[in-house]
Amino acid sequence: MTTKVALEQHVAAGSPELREVFGGVAAAAREIAKQIRLAGLSDALGAYGAVNVQGEQQQKLDVFANDVMIKWLGQAASVAACVSEEDEAPVVFANAGAKYIVIFDPLDGSSNIDVNVNVGTIFSVQELQGGDLDASILQQGTKQVAAGYVVYGPSTVMVMTTGTGVAAFTLDDNGEFIRSNDAMQMPEQGPYYSTNEANAASWPEAYREYLAMLLRGDLNGKTYSSRYIGSLVADFHRTLLKGGVFLYPPTDKAPKGKLRLLYEANPLAMLAEQANGAAVNGPERIMELQPEQIHQRTALIVGSKREVEALQKAVLEAR
Ligand code: AHG
Ligand code: MN
Ligand code: MN
Ligand code: MN
């Protein structure tokens, strides 16, 4: 009989000062999970009727998740401020002496909400440096003190790291996140590639050649299957557990990439590297990119080391 380890216990054992941060995220995730589970019975689905700073039609659940994350994190004495996909500027709290900044995508996969497909919450934690909030928000991904996501699916699972490995916690019937996986490691290679192939014609040529190379079985003889859910957090979760590579290359529509560096690419890159995987924007390691503004976008190729390193080599050689 394995002993039950709750999320807050796990965090307190390694990084006690982060306990409140994870407690806040867990409280928010419980509320978001419930709202999603019962969304069909309330008016929680559909468009909110506003456009966010990304230029996207906000869904009601985007706004709900955002409000709930800010509510709970604002009550965590150690959280100084939040940065959200849904808010143009940071939300600053009056928590005296607080030193953490939580940067998050409150609801990832909004296009899948109304069709009952997995969605998630992604978060990154940076530390306030020298009282300079803007500079602290724009630190490189290598400076993250913690990162994680919650995937709302058949079960609600939080996957997280505080820099000493990746653990997963499943939400139980008592509303507790109980450890269900520890010291998670991404398989070395395959069996899946995950990308929106509708964009392939507008990728840089090197990405089309890379995909053709994978499909020929030219990467260590491995053959591949395609899986694309369209919720980054779900596509990443499968890649973490089963292996392979997720790619969102530059496209004509999004020449700098579609995904956001601070609250999608960086936290997933930290998790990937902690699980012996890798994450690049093509030529460069995601976590070494120097952010210039909080909503900046990036290309993202993340997953098993073999595939990601092969892509990075292909893109560098194509220069
Ligand atoms: P969000 O719902 O937080 O705006 O993110 C949506 C993202 C990500 O979840 C997913 O990988 C990507 O959009 C899918 O984009 P395409 O529909 O262009 O493939
Ligand atoms: Mn969005
Ligand atoms: Mn997202
Ligand atoms: Mn989102």
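Treat the numbers as computed from the prediction; the structure is a model and nothing was measured. (Residues numbered from 1 in each chain as written. Chains lettered and ligands numbered in written order. Predicted model: local features only at pLDDT ≥ 70, side-chain atom pairs only at ≥ 80, totals over all residues. Heavy atoms only, no water.)

Peer 1: Provide a residue-level description of the coordination of the manganese ion (ligand 2), including the pertinent values.
Peer 2: Looking at the manganese ion (ligand 2), one finds its protein donor set to be Glu56 (OE) and Glu85 (OE), positioned 2.0 to 2.1 Å from the metal centre. The manganese ion (ligand 3) is placed at 5.4 Å from the manganese ion (ligand 2). Residue glutamate 56 is located in the loop between strand 1 (47–51) and strand 2 (57–59), and its partner glutamate 85 is located in the loop between strand 3 (79–84) and strand 4 (91–92); the two are separated by 29 residues in the primary sequence. Overall, glutamate 85 belongs to the buried group, its relative accessible area being 3%. (Donors = N, O, S within 2.8 Å, 3.2 Å for Na, K, Ca; no water. Helix = DSSP H or I, 4+ residues; strand = E, 2+ residues; numbered from the N terminus. Buried < 20%, exposed > 50% of the residue type's maximum accessible area, 1.4 Å probe, protein only.)

Peer 1: Quick one: what's the story with the UniProt feature "binding site: Mg(2+) 2" (unreviewed entry) in the protein, residue by residue and with numbers?
Peer 2: The UniProt feature table records "binding site: Mg(2+) 2" (unreviewed entry) at Asp105, Asp108 and Glu264. The greatest C-alpha distance among the annotated residues, which extend across 160 residues, is 8.7 Å, indicating that they converge on a single site. Take aspartate 105: it is sitting in strand 5 (residues 100–108). Among all residues touching aspartate 105, those that are not within four sequence positions of it are Glu85, Gly120, Thr121, Ile122, Tyr263 and Glu264. Relative to the helices and strands, glutamate 264 is located in helix 7 (residues 261–274). For glutamate 264, a relative accessible area of 1% puts it in the buried group. Residues contacting glutamate 264, with those up to four places away along its chain left out, are Asp105, Asp108, Ile122, Leu232 and Leu259. Here the side chain of glutamate 264 touches arginine 260 through a polar contact of 2.7 Å, landing on its backbone nitrogen. (UniProt positions renumbered as here; feature names shortened; annotations may be inferred. Contact = heavy atoms within 4.5 Å. Polar contact = N/O pair within 3.5 Å; in protein donor to acceptor, adjacent residues only side chain to side chain.)

Peer 1: Lay out the site of ligand 1 in plain terms, naming residues and giving numbers.
Peer 2: In the vicinity of ligand 1 lie 18 residues, with Asp108, Gly109, Ser110, Tyr228 and Tyr248 positioned nearest. One of the side-chain nitrogen or oxygen atoms of aspartate 108 is found 2.7 Å away from an oxygen atom of ligand 1. In the environment of ligand 1, an oxygen atom lies 3.1 Å from a nitrogen or oxygen atom belonging to the side chain of arginine 260. Across the complex, the protein chains shield 86% of the 470 Å² of accessible surface that ligand 1 would expose by itself. Broken down by secondary-structure element, the contributors of at least two residues to the shell around ligand 1 are strand 5, strand 13 (244–248) and strand 14 (259–260). Take the shell around ligand 1: its biggest share by element is three residues, from strand 5. Residue composition of the shell around ligand 1, by class: six nonpolar, five polar and seven charged. (Near = heavy atom within 4 Å. Areas by Shrake-Rupley, 256 points an atom, 1.4 Å probe, with all protein chains shown as cover. Nonpolar A, V, L, I, M, F, W, Y, C, P; charged D, E, K, R; others polar.)

Peer 1: Break down the nonpolar core for me, with residues and values.
Peer 2: Membership of the largest hydrophobic core comes to 41 residues, with the highest contact counts inside it found for Tyr149, Phe236, Leu240 and Leu300. Counting contributing residues per domain, this core is built from domain 1 (7–183) and domain 2 (192–318), each supplying no fewer than three. If we skip the residues at most four places from it in the chain, leucine 300 touches Leu232, Phe246, Leu247, Tyr248, Leu259, Ala265, Ala279, Val280 and Ile286. Counting 40 residues, the second-largest nonpolar core is a separate cluster that includes Ala26, Val125, Ala167 and Phe169. (Core = buried A, V, L, I, M, F, W, Y, C linked by side-chain atoms within 4.5 Å. Domains from an automatic or database assignment.)

Peer 1: Talk me through unusual backbone geometry; I want residue IDs and the actual numbers.
Peer 2: One can expect most non-glycine residues to show negative phi and most peptide bonds to be in trans. Residue glycine 190 is joined to proline 191 through a cis peptide bond whose omega torsion reads 15°. Looking at the element boundaries, proline 191 is found in the loop between strand 10 (177–181) and strand 11 (192–194). With a phi close to 50°, alanine 183 is a non-glycine residue in the positive phi region. Among the structural elements, alanine 183 can be located in the loop between strand 10 and strand 11. Even without being a glycine, asparagine 220 presents a positive backbone phi close to 55°. Checked against the element boundaries, asparagine 220 lands in the loop between helix 5 (205–215) and strand 12 (225–226).

Peer 1: Help me get a handle on the coordination of the manganese ion (ligand 4), residues and values and all.
Peer 2: Listed as protein donors to the manganese ion (ligand 4) are Glu85 (OE), Asp105 (OD) and Leu107 (O); their distances from the metal cover 2.0 to 2.3 Å. We note that the donor set of the manganese ion (ligand 4) lies within a single chain, spaced as E-x19-D-x1-L. Here the manganese ion (ligand 4) and the manganese ion (ligand 2) are spaced 3.5 Å apart, linked through glutamate 85, which binds each one. Residues aspartate 105 and leucine 107 agree in their burial class; the two are buried.

Peer 1: Which residues make up the UniProt feature "binding site: Mg(2+) 1" (unreviewed entry) in the protein, and what values go with them?
Peer 2: On the UniProt side, "binding site: Mg(2+) 1" (unreviewed entry) is annotated at positions that read Glu85, Asp105 and Leu107 here. The annotated residues occupy 23 residues of the chain but converge on a single region, no pair of C-alpha atoms lying more than 8.9 Å apart. Among all residues touching glutamate 85, those that are not within four sequence positions of it are Asn52, Val53, Gln54, Glu56, Phe104, Asp105, Pro106, Leu107, Arg260, Tyr263 and His295.

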